[in-house]
Amino acid sequence: MRLIIHENYGKACRWAASYIAGRINSYAQNKPFVLGLPTGSSPLGIYKEFIGMCKEGKLSFKNVRTFNMDEYSGLGASHPQSYRYFMMENLFNHIDIDLKHIHILDGMAKEPERECKLYEEAIAAEGGIELFLGGMGSDGHIAFNEPGSSLVSRTRIKTLTEETKAANARFFDGDISRVPLTALTVGVGTVMDAREVLIIVSGRNKARALKAVVEEGVNHLWTLSCLQMHQRAIIVCDEDASDELKAGTVRYFKDIERQAIRS
């Protein structure tokens, strides 16, 4: 695992966006680059960077296929709090991606179990996910794989905890009762199947979880700790998020990155 610590959220996002753009631009043009994407506030800075790069001609999504992590149950594509709506407004409407290459779970699916199964099959049909971009919840979860989720879970329906609903109530005018009770989400195993995973983390409210994910053992109560077992995992964070890490941990990872730059 690489841990890359930047001074602030903006610099962390610029690094992450530049890294992913480099991966896309250097990828073989005879096959698509399959990119996993999150929603929420964490990736917004990265998406703004992507949009700017596209407008400047430094990045193209014409050869990219995307798979989003999750979607609320019961929210249609036109609902302003659906994740499809979020992605269109914050990224897809502003870049040169072909809309038929976008994959997002259908929260209105009449057979949600079948929808989840077909989603896994669609990922496999594209050859698997090359890079999965994600965020981390304040309790250390990824996508909607909340504490206690199986670390080998696949795409499925997930009941949301009160903590997650409370955290997401800000998107529903602060009314927790309007937050859906369940969501369709990729599993931890689905994320771990990606050939590379990059997580963006910011803010002091994530510091306790980041400490558990980086410094403690693999634990299903901190589902993102699964990255300790991934061959190509990167966590990009700001200094606020690193507040609870041991000084030796911070020094170690910063030293590793300094040496990488020199070489």
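Below: a short report on this structure. (Residues numbered from 1 in each chain as written. Predicted model: local features only at pLDDT ≥ 70, side-chain atom pairs only at ≥ 80, totals over all residues. Heavy atoms only, no water.)

On to the overall build of the protein, then. Of regular secondary structure, the protein possesses eight helices and 10 strands. Relative to the compact-globule value of 18 Å for 263 residues, the protein shows a C-alpha radius of gyration of 18 Å, a close match. Along the first, second and third principal axes, the C-alpha set of the protein runs to 55 × 45 × 35 Å. In the protein, which comprises 263 residues, the proportion classed as buried is 54%. The contacts in the protein between residues at least 6 apart in sequence include a share of 79% that link residues at least 24 apart. For the protein, the exposed surface amounts to about 12000 Å²; the carbon and sulfur share of it is 50%. Distance between charge centroids for the protein: 4 Å, based on 32 positive and 33 negative side chains. (Helix = DSSP H or I, 4+ residues; strand = E, 2+ residues; numbered from the N terminus. Rg over C-alpha atoms; globule rule 2.2 N^0.38 Å. Buried < 20%, exposed > 50% of the residue type's maximum accessible area, 1.4 Å probe, protein only. Contact = heavy atoms within 4.5 Å. Areas by Shrake-Rupley, 256 points an atom, 1.4 Å probe, with all protein chains shown as cover. Lys, Arg positive; Asp, Glu negative; His and termini not counted. Charge placed at Lys NZ, Arg CZ, Asp CG, Glu CD.)

For the pair helix H2 (residues 44-55) and helix H3 (residues 83-90), the least separation of the axes is 10 Å and the interaxial angle reads 40°. The orientation of H2 relative to H3 falls into the category oblique. Every residue of H3 that contacts H2 at Leu-44, Tyr-47 and Ile-51 is listed here: Phe-86, Met-87 and Asn-90. Its residues assigned to classes, the contact of H2 with H3 shows five nonpolar, one polar and no charged. (Axes fitted to C-alpha atoms, helices over the stretch in contact; angles between N-to-C directions. Parallel < 35°, antiparallel > 145°, perpendicular 65-115°, else oblique. Nonpolar A, V, L, I, M, F, W, Y, C, P; charged D, E, K, R; others polar.)

A few words now on the pattern of salt bridges. Evaluated as defined, the whole model comprises 18 salt bridges. Taking the shortest distance from any N to any O, the salt bridge between Arg-2 and Glu-257 comes out at 2.8 Å. In this pair, Arg-2 sits in strand S1 (residues 2-6) while Glu-257 sits in helix H8 (residues 247-262), placing the two residues 255 residues apart along the sequence. Between Lys-211 and Glu-215 there is a salt bridge; the shortest N-O distance is 2.7 Å. A residue pair is termed a helical-turn pair when its members lie 3 or 4 positions apart in one helix, as Lys-211 and Glu-215 do in helix H7 (residues 207-215) at four residues. Exposure remark for Lys-211: the relative accessible area of 23% places this residue in the partly exposed category. For Glu-215, a relative accessible area of 22% translates into the label partly exposed. Salt bridges here are not isolated pairs; linked through shared partners, they connect Arg-23, Glu-130, Arg-195, Glu-196 and Arg-232. (Salt bridge = Lys/Arg side-chain N within 4 Å of Asp/Glu carboxyl O.)

Across the sheet, seven strands lie side by side as S1-S10-S9-S6-S2-S3-S5; this open sheet has parallel pairing. The sheet is open, and its two edges are formed by S1 and strand S5 (102-103), each paired on a single side. Relative to strand S9 (residues 196-201), helix H1 (residues 9-25) is tilted by about 160°, and along the sheet it contacts S1, strand S2 (33-37), strand S3 (64-68), strand S6 (131-135), S9 and strand S10 (233-238). (Pairing = 2+ DSSP bridges.)

A few words now on H8. Helix length check: H8, at 16 residues, gives a terminal C-alpha distance of 23 Å against a target of 22 Å (1.5 Å per residue), a fit within 8%. Those residues of H8 that sit buried are Thr-249, Val-250, Phe-253 and Glu-257. One side of H8 carries all its buried residues, which in axial view fall inside an arc of 100°. In H8, the exposed positions angled more than 90 degrees off the buried face are occupied by Ala-247, Arg-251, Tyr-252 and Arg-262. As for H8, its buried residues are in contact with S1 and H7. (Expected span 1.5 Å × (residues − 1). Arc of directions from axis to C-beta.)

Enumeration over the complete set of coordinates arrives at 10 aromatic pairs. Seen from their ring centres, Tyr-27 and Phe-33 are 5.1 Å apart, and the 85° between their planes marks the pair as edge-to-face. Judged by relative accessible area, Tyr-27 falls into the buried class, the value being 14%. On the basis of an interplanar angle of 45° and a centroid distance of 5.8 Å, the ring pair of Tyr-72 and Phe-144 is categorised as tilted. (Phe/Tyr/Trp six-rings, centres within 6.5 Å; stacked < 30°, edge-to-face > 60°.)

Attention now moves to the sheet that holds strand S4 (residues 70-72). Remark on secondary structure: sheet strands pair via backbone hydrogen bonds, oriented parallel or antiparallel. Across the sheet, three strands lie side by side as S4-S8-S7; this open sheet has antiparallel pairing. Unpaired on one side and paired on the other, S4 and strand S7 (156-159) mark the two borders of the sheet. Ignoring which end each strand starts from, the neighbouring axes of this sheet average 30° apart. Across the sheet, helix H4 (residues 112-125) touches S7 and strand S8 (182-185), and the angle it forms with S7 is around 125°.

That is the geometry; function is a separate question.
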